[in-house]
Amino acid sequence: MSEIRLAAETRTEFGKGAARRARVAGLVPAVVYGHGHTPVHLNLPGHALMMALKTPNALLVVPIEGKDEYVLPKAVQRAAIKRNIEHVDLLLVKRGEKVTVEIPVLTEGELAPGGNLLEHVLNTLPVEAEATHLPESVTVSVQGLEAGASVLAKDITLPAGTTLAVDGDTVVLQVIGAQASQADADAEAAADAASA
């Protein structure tokens, strides 16, 4: 995963009025915490932050007190209607440090014929990886899976340096058999009644 560098300015004003003024200026209030440091309050460029957060578990580089630091987004608050970012909490991380994140589970291939459905029990998979080498996603092949089949967390091939942060027997995907239509059920009931 590549690093995304963002400009940042230290926030000296606090409260709703200050946050509103920052947003009008195209900035997003943020707080950086972690590693026992006092939380640092920043304003980040809104558009650049929005584009960076389109990548799951984006590793951001922001200047804090004159030094570039790695941070991961931990909580993003969005406006209820417009969905623009109102505030973001960032976790300070170090190179080589292991962190737990959730990565999207993608699928490829076709299920066995018969109208079966694929249920995503988990849309994301909790994993532990080095903060500067976080995987963006994991892809699982569902080619030819029959009804009743399931894919467990331990069955998924993870990128090098990544380990599961969930029990290996956790069901991630399962195949559900096609439901009989009402017409099929009525025909079966009529056949049962005729044979009785």
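Provided above is the structure to which this section pertains.
Residues numbered from 1 in each chain as written. Predicted model: local features only at pLDDT ≥ 70, side-chain atom pairs only at ≥ 80, totals over all residues. Heavy atoms only, no water.

Summing up its helical and strand segments, the chain has three helices and 14 strands in all. Its C-alpha atoms give the chain a radius of gyration of 24 Å, clearly above 16 Å, the size a compact globule of 196 residues would have. With respect to the three principal axes, the spread of C-alpha positions in the chain is 85 × 40 × 25 Å. Here the contacts in the chain between residues at least 6 apart in sequence split such that 63% fall between residues at least 24 apart. Here the chain has roughly 11300 Å² of accessible surface; of this, 52% comes from carbon and sulfur atoms. Counting 16 positive and 24 negative side-chain charges, the chain places the centres of these two groups 17 Å from one another. (Helix = DSSP H or I, 4+ residues; strand = E, 2+ residues; numbered from the N terminus. Rg over C-alpha atoms; globule rule 2.2 N^0.38 Å. Contact = heavy atoms within 4.5 Å. Areas by Shrake-Rupley, 256 points an atom, 1.4 Å probe, with all protein chains shown as cover. Lys, Arg positive; Asp, Glu negative; His and termini not counted. Charge placed at Lys NZ, Arg CZ, Asp CG, Glu CD.)

Attention now moves to the pairing of strand β14 (residues 171-176). In this structure, strand β9 (residues 117-120) lies alongside β14, joined through four bridges in antiparallel fashion. If you follow H120 over to β14, its bridge partner there is L173. Note: strand β12 (residues 150-152) against β14, three bridges, orientation antiparallel. Across the sheet, residue V151 finds its bridge partner in β14, namely L173. (Pairing = 2+ DSSP bridges.)

Structurally, the position occupied by A147 is in the loop between β11 (138-141) and β12. With 134 residues separating them along the chain, A147 and E13 place their C-alpha atoms 58 Å apart. Once residues lying within four places of it in the same chain are set aside, the contact partners of A147 are N116, V175, I176 and G177.

By the element assignment, G26 lies in the loop between α1 (16-24) and β3 (27-34). In the structure, G26 is positioned 100 residues away from P126 in sequence and 33 Å away in space, judged by C-alpha atoms. Excluding residues within four positions of it along the chain, G26 makes contact with L44, P45 and G46.

What follows deals with the sheet that holds strand β8 (residues 98-108). Across a sheet, paired strands are connected by hydrogen bonds in the backbone, their directions being either parallel or antiparallel. Within the open sheet, the four strands sit side by side as β11-β8-β10-β13. Their pairing is mixed. With one partner strand each, in any of the chains shown, β11 and β13 (163-164) form the two edges of the open sheet. By the bridge criterion, two bridges tie strand β10 (residues 124-130) to β13 in an arrangement that is antiparallel. Following the sheet pairing, E128 is matched in β13 by T163.

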